[in-house]
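A structural walkthrough
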Amino acid sequence: MPGEKSASVEEIDVSAARKIAAGHRAQGNSLVTVLQDVQTEYGYLSGEVLEAVAEEMEVPFSQAYGLATFYSSFSLQPRGKHHICVCMGTACHVRGAANILEKLERDLGISSGETSEDLKHSLESVNCLGACALGPVVVVNDAYHGKVSSRDVDKIVADLE
Amino acid sequence: MPQEISLTIDNTQVNVPEGTTILQAALNAGIDIPHLCYDPAWGLPPTSSCRLCLVELEAAGSLVPSCSHPAAAGMVVRTDTEKLRQTRRMVIELLLSDHPHDCLTCDKAGKCDLQKYAYQLGVKQPSFPVDPIPIEPVQDGPAIVYDRSKCILCGRCVQICQNLQISEAIDYLGRGFDTRISLPPGQSREQSVCTECGNCIDVCPTGAMSYAAAEGAGREWELETVPTICPYCGCGCTILMNIRKNRVVQITSHPDLGINKGLLCVKGRFGIDFISHAERLTAPLIRRDGKLVPATWDQALDLVAQRLLTIKNQFGPDAIAGLASAKCTNEENYIFQKFIRAVIGTNNVDHCARLCHASTVVGLARAFGSGAMTNSIEDFEVTDCIFVIGSNTTECHPIIGSAIKRAAVQRNAPLIVADPRAIELTEFSTIHMQQKGGTDVALINAMMNVILAEDLADKQFIAERTEDFDQLCKAVEPYTPEFAEKITSVPAADIIRAARIYAQAPAASIVYSMGITQHTTGTDNVLSLANLAMLTGNLGKPGAGVNPLRGQNNVQGACDLAALPNVYPGYQKVDNPDLQAKFEKAWAAKLSPKPGLTVVEIINAAAQGKLKAIYIMGENPMLSDPDVNHVEKALKNLDFLVVQDIFLSETAQLADVVLPATAFAEKDGTFTNTERRVQMLRAGLEPPGQSRLDWDILCDLARRMGYPVSYDHVSQIQDEIASLTPIYGGITYDRLTHQSLQWPCPDADHPGTPYLHKGRFTRGLGKFHPVEFIPAKELPDQDYPFLLSTGRILEHFHTGTMSRRSEVLDELVSVGAIEINPADADRLAIADGQNVRVASRRGQIEIAARLTDRVAPATVFLAFHYREAPANRLTIAALDPIAKIPEFKVCAVSIQPA
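What counts, and where the lines are drawn
Residues numbered from 1 in each chain as written. Chains lettered and ligands numbered in written order. Predicted model: local features only at pLDDT ≥ 70, side-chain atom pairs only at ≥ 80, totals over all residues. Heavy atoms only, no water. Helix = DSSP H or I, 4+ residues; strand = E, 2+ residues; numbered from the N terminus. Contact = heavy atoms within 4.5 Å. Areas by Shrake-Rupley, 256 points an atom, 1.4 Å probe, with all protein chains shown as cover. Rg over C-alpha atoms; globule rule 2.2 N^0.38 Å. Buried < 20%, exposed > 50% of the residue type's maximum accessible area, 1.4 Å probe, protein only. Domains from an automatic or database assignment. Buried area = accessible area lost by both parts, 1.4 Å probe. Salt bridge = Lys/Arg side-chain N within 4 Å of Asp/Glu carboxyl O. Polar contact = N/O pair within 3.5 Å; in protein donor to acceptor, adjacent residues only side chain to side chain. Nonpolar A, V, L, I, M, F, W, Y, C, P; charged D, E, K, R; others polar. Patch = residues over 30% accessible without salt bridge, like charges linked within 9 Å, V, L, I, M, F, W, Y side chains within 5 Å. Expected span 1.5 Å × (residues − 1). Arc of directions from axis to C-beta. pLDDT = per-residue confidence, 0-100. Pairing = 2+ DSSP bridges. Phe/Tyr/Trp six-rings, centres within 6.5 Å; stacked < 30°, edge-to-face > 60°. Core = buried A, V, L, I, M, F, W, Y, C linked by side-chain atoms within 4.5 Å. Axes fitted to C-alpha atoms, helices over the stretch in contact; angles between N-to-C directions. Parallel < 35°, antiparallel > 145°, perpendicular 65-115°, else oblique. Left-handed = near helix turned anticlockwise from the far one by under 90°.

This part takes up the overall build of chain A. Looking only at helices and strands, one finds seven helices and four strands in chain A. For chain A, the N- to C-terminal ordering of α and β elements is α-α-α-α-β-α-α-β-β-β-α. C-alpha extents for chain A along the principal axes are approximately 50 × 35 × 25 Å. A fraction of 64% describes how many contacts in chain A between residues 6 or more apart in sequence connect residues 24 or more apart. Carbon and sulfur atoms provide 48% of the accessible area of chain A, an area that totals close to 8,600 Å².

Looking only at helices and strands, one finds 28 helices and 38 strands in chain B. Over its C-alpha atoms chain B spans a radius of gyration of 29 Å, differing by no more than 12% from the 29 Å that the globule rule assigns to 898 residues. Based on the C-alpha atoms only, the size of chain B along its principal axes is roughly 90 × 70 × 65 Å. Burial status across chain B gives 63% buried among its 898 residues.

This paragraph deals with the domain arrangement of chain B. Residue and element names in this part refer to chain B. According to the domain assignment, chain B consists of domain 1 (4-80), domain 2 (128-273), domain 3 (285-356 + 554-613 + 661-732), domain 4 (374-546) and domain 5 (786-897). In this assembly, 11 residues from domain 1 lie in contact with 16 residues from domain 2. Where domain 1 abuts domain 2, roughly 1,100 Å² becomes buried across the two surfaces, and 65% of that area is made up of carbon and sulfur atoms. Looking only at domain 1, the three residues that lose the most surface to domain 2 are L36, W42 and L44, adding up to 62% of its buried area. Where R156 meets D39, a salt bridge forms, and the shortest distance between an N and an O atom there is 3.7 Å. Linking domain 1 to domain 2 there are two residue pairs in polar contact (both at pLDDT 80 or more). Its residues placed into classes, the side of domain 1 that touches domain 2 shows seven nonpolar, three polar and one charged.

Another point: the environment of D832 of chain B. All names here are of chain B. As for its placement among the helices and strands, D832 is situated in the loop between helix 28 (822-827) and strand 35 (835-839). With a relative accessible area of 54%, D832 lands in the exposed category. In this structure the C-alpha to C-alpha distance between D832 and P822, which are 10 residues apart in sequence, comes to 8.7 Å. Residues within four places of D832 in sequence aside, it is in contact with A849, R850 and L851. A polar contact is formed between the side chain of D832 and the backbone nitrogen of L851, at a distance of 2.9 Å.

As a further point, take the environment of A683 of chain B. Residue and element names in this part refer to chain B. As for its placement among the helices and strands, A683 is situated in the loop between strand 30 (677-681) and helix 24 (694-704). A683 gets classed as partly exposed once you look at its relative accessible area, which sits at 33%. Note: C-alpha distance between A683 and F664 (19 residues apart in sequence) is 7.5 Å. Every residue in contact with A683, bar those within four places of it in the chain, is listed here: V226, A665, E666, K667 and D668.

Here we come to a nonpolar patch on the surface. All names here are of chain B. Residues M90, L94 and F128 make up a contiguous nonpolar surface patch of roughly 270 Å² in combined accessible area. Residue placement: L94 occurs in helix 2 (residues 82-97). Residue class for L94 comes out partly exposed when judged on its relative accessible area of 47%.

Residues and elements named next belong to chain B. A rise of 1.5 Å per residue sets the reference length of helix 7 (residues 297-315), with its 19 residues, at 27 Å; its end C-alpha atoms lie 26 Å apart and thus fit the reference within 8%. Buried within helix 7 are the following residues: W297, A300, L301, V304, A305, L308 and I311. Viewed end-on, helix 7 has its buried residues packed into an arc of 140°, placing them on one side of the element. Facing away from the buried side of helix 7 by more than 90 degrees, the exposed set consists of N313 and Q314. Within two residues after helix 7, G316 carries a phi angle of roughly 90°, on the positive side.

Caution applies to low-pLDDT parts of the model: their predicted coordinates are not meant to be read in detail. Across chain B, the average pLDDT comes to 93, with 100% of residues at or above 70. Our summary of model confidence lists the complex with pTM equal to 0.90 and ipTM equal to 0.78.

Across the boundary between the two partners, chain A contributes 10 residues, which contact 12 residues of chain B. A buried area of about 910 Å², summed over both sides, lies between chain A and chain B, and 57% of it is on carbon and sulfur atoms. When the buried area of chain A at its contact with chain B is split by residue, S62, Y65 and F70 of chain A rank highest and sum to 47% of it. Across the chain A-chain B interface, the total number found is zero salt bridges. The interface formed by chain A and chain B holds three residue pairs in polar contact (both at pLDDT 80 or more) in total. A total of seven residues in the side of chain A that touches chain B trace back to one element, the largest contributor, which is helix 4 (residues 61-70) of chain A. Considering only residue class, the side of chain A that touches chain B consists of four nonpolar, five polar and one charged.

What follows is about the pairing of strand 34 (residues 817-820) of chain B. Residues and elements named next belong to chain B. Of the two faces of strand 34, the one carrying A817 and E819 and the one carrying I818 and I820 are both buried. As paired elements, strand 34 and strand 36 (residues 844-851) share four bridges and run parallel to each other. Paired with I818 across the strands is A849, a residue of strand 36.

Looking now at the packing of aromatic side chains. Residue and element names in this part refer to chain B. On inspection of all chains with the given rule, the structure shows 20 aromatic pairs over all chains. Between Y334 and W587, the ring centres sit 6.0 Å apart and the planes meet at 75°, which makes this aromatic pair edge-to-face. Of the two residues, Y334 sits in helix 8 (residues 330-344) while W587 sits in helix 20 (residues 577-587), which places them 253 residues apart along the sequence. The exposure class of W587 is buried, given its relative accessible area of 1%.

This brings us to the nonpolar core. Residue and element names in this part refer to chain B. Residues M209, I275, I404, L415 and F664 are the most contacted members of the largest nonpolar core, which totals 85 residues. Looking at which element gives the most residues to this core, the answer is helix 11 (residues 398-410), with six residues. For F664, the contacting residues outside a window of four places in its chain are T228, I229, P231, I239, M241, I272, F274, I275, F671 and L681. In this structure, L308, Y568, V709 and Y733 belong to the second largest nonpolar core, which totals 64 residues.

So, about the packing of helix 8 of chain B against helix 25 (residues 714-724) of chain B. Residue and element names in this part refer to chain B. Between helix 8 and helix 25, the shortest axis-to-axis distance is 9 Å and the interhelical angle comes to 70°. Accordingly, the angle class assigned to the pair helix 8 and helix 25 is roughly perpendicular. Two packed elements cross with a definite hand, and for helix 8 against helix 25 that hand is left-handed. Here helix 8 contributes N330, E331, Y334, I335 and K338 to the contact with helix 25, which in turn contributes V714, I717, Q718, E720, I721 and L724.

Right, let's talk about the sheet that holds strand 17 (residues 349-350) of chain B for a bit. Residues and elements named next belong to chain B. Read from one edge to the other, the open sheet built from seven strands follows the order 15-14-28-27-26-16-17, with strand pairing classed as mixed. Of all the strands in the sheet, the pair left with one neighbour each is strand 15 (291-294) and strand 17. Relative to strand 28 (residues 657-660), strand 14 (residues 285-288) is paired through two bridges, and the arrangement is antiparallel. Following the sheet pairing, L285 is matched in strand 28 by V658. Packing against the sheet, helix 21 (residues 599-607) makes contact with strand 16 (320-323), strand 17 and strand 26 (613-617), and its axis sits at approximately 140° to strand 16.

The domain architecture assigned to chain A consists of domain 1 (15-70) and domain 2 (82-160). Taking only C-alpha atoms into account, the centre of domain 1 of chain A sits 29 Å from that of domain 2 of chain A.

Mean pLDDT over chain A works out to 86, with 93% of the residues at or above the 70 mark. Every residue in residues 1-9 of chain A is under pLDDT 50, and counting partners more than four places away or in other chains gives 14 contacts.

Further remarks concern the pattern of salt bridges. All names here are of chain B. All chains considered together, the criterion is met by 52 salt bridges over all chains. Put simply, E720 and K338 hold a salt bridge, and the shortest N to O gap is 2.8 Å. Taken together, the residues E720 in helix 25 and K338 in helix 8 connect sequence positions 382 residues apart. For the pair shown, E720 and K338 are each scored as buried. Residues E395 and R854 are paired through a salt bridge, measuring 3.2 Å at the closest nitrogen-oxygen approach. Here the residue E395 occupies a position in helix 10 (residues 393-396), and R854 occupies one in the loop between strand 36 and strand 37 (859-863), the gap between them amounting to 459 residues. Pair check on accessibility: E395 and R854 agree, each one buried. Overlapping salt bridges, with partners in common, bring together D298, D302, R692, D696, D700 and R704 in one network.

Structure follows, in structure tokens:
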């Protein structure tokens, strides 16, 4: 199953997460800030990492988990090497974002919200990226692609290593 | 005192202290405002999330949530206007939009707040129906079911878990329609911090959280609710038995009831089903041709009477002994010891308190004059520091454990834990001193050494209230923290820090249990703690004290009512001629002035053939006593063994006659909890088969042995106790029907005593006892290199007679395991879960290994609940010379992969 390659299969080194949490805690920063930085470090928030952060921040594990599941920008699954976001906001939608997403799903063999088994790709749809003039918008890792057509999708996918 | 203010609610003038919320003010005045997410009875902070309790403020013209909005002087509040009704209807309609309308078959019907308010507000159909996505209820463990479709996300369960129980196991997960209450997903139950206390069930206003086994078993109006006292540990929680057709369907609780204020643990809530277990004894049994066969009461009791009389006549009364029970009521224990003393004529009566707190009773009586918990459970809400030593409180006394956690987390009261294991409380502690087993005296002496060296002692208290202080100073002088570090392996710096924190707190409480008492130096350990408390003036005031936590529901009562070989009820010495005369007159019998034998001495005397018969009421020495191989030989060596119990325990299987008794749920009477609180228990069920009340059996037997005694009701026994026992003098049945009382309570007008030794110790002056460190009797060596400590776990109780017959508890933990440090396991090539052979000089067992760094290297821990792997085959019957308590906490064992 895509996305089910859970962290427990291989041992995760949580020391970086602990270090980030300790740094933020010393400055009195909130848990959300910590989780953002920890996600940047690991690419996603695994159970082990969340547990380590909770322990370091002295908050209940249940609370850290609750927070991580509340914000959609946090991912509890490993993300692919290439993380692809398709904007489904109103402007993008009327210009055919649904077709773009469908094609990506087909070409990558994963549904929105999933990660490929080889951890190469992950796909996600978001509600609005605020770049409506460029719609439909697709973001690959941090690179924005505007006015994307179906043909552009072929090129985007082909460029992914 | 906050100032009193006056406001108007619905044209009624209401006076309340400043700071009161509008909701509370209204409820006080008898005005009901609908509320869902907040239940003032539990004392949890309001979350203002359901918006049902909105009220109108006339001046502002605005709607405010009354649960959190403070009442103000001159405020004019309306709670029931058309605008409010409309708003509230909208709230209910929105909640019902994705709530299943299955009230017809919902177990919560009749007790559901959502249903109640929908009815009150006349909501028939929600205006915004959403096609609910069918969601199956989730059941993570054997007991608790969460039906997300019925959940209104009020968060009461999250709050109770985080703020009262302090487990912090559950929280909201997800967002929008996907929001639910959950353990962190992916965690197995064992990994999770959830203790299955089920308090989330009691606070849930709808049917979202429920008890699996209660499904379909009866609804509110079909159930009879009988309040009584939990039969497990010494906390003495009030439980509500929900009964239908002579069966307890479910145990619930209420925040207004009992010392537990509505909280329960997994045993109290889900572990009661043993009372209707198929293995309950229902008829007397007599041994014929080596087999126990059913008999009539007449046959059984005549046989017991005749055999006991014969043995008494032939060998004298001292050839007979009785073991009473910390599981039975005060009245039953009173009758039992009266039977042994007045009918048999010996003082050979004891019970399992010998195995748990004998050293407390002796030690504290010597130091203070009274051998009981000095303060109250409620005191943990005001104490400034808690020093827990040798008590795994959260597992063995869970309700007190939660109170200690609340003090540490919510009031930042420093928590000092001294325990050879990294128990749960160490997660909340300021300091954890991980002393080697059996080195407590050195540790406590070193703390006193620091207190004296740094001039932190309470000189005025010492001068005015104590004696023999000089001897103490001399005794603790050599115990510098550095010296103690060598003995205890606790870093000197930690000892110094702990001593300072404890001594500098205005009121500091010492909490201890078996880790202190079950040693050959048990009495010494207790005396050391008494010294420490006196040295710092921590006695005779709220929030302070020396607080031994008693292990069984009525072990305090069984001691108070003289199931002990040296005293009459109320600790009146049997060798005092005046007291002997008093009881001879009251009981119309000749009594023996010679103190009797203690538990282990009784077993030894049986093994030596000096004792011919033992009458055991509700005890199971075949698992509970040290060195059970020896116990078995001793019991088999008797001429006659009678066991009165509710199950055919390991001990009952050896008996010549077995008498079927009643369980707590089937009888009236009183229990005395760990804080000396006498509480009433009430019969809710009919006893099974021919089983009879324990006191009734004993009185019948006494009459057959020529001693005329009879009572119509247990209240008559209670009255007799009050008339003979000064500390119970004012504790009458009538008073107990509407309150509970803490002894001493000498007369009918006395309100009871929340804390002892106020202004004066029971013995006059508190007495310091110089105590030297003595090593445990049997320490690890080359052949037996591990130090074995025994104890309890949360899910089971003592010899498992009750808890292992509970479906939920047995499913939670069905087999025993020995805790081993991973480093040791690695060296011995033992994997987690692998079976190991544990051997001591006295016996061996086979049991699974659990690898955990809760135990230090070279030490192992084993619970004594398991008949298939009895820990007490390994333990040593070495006794404390004064209290005669065995050293359950230290013996040497070897471990090999099986």
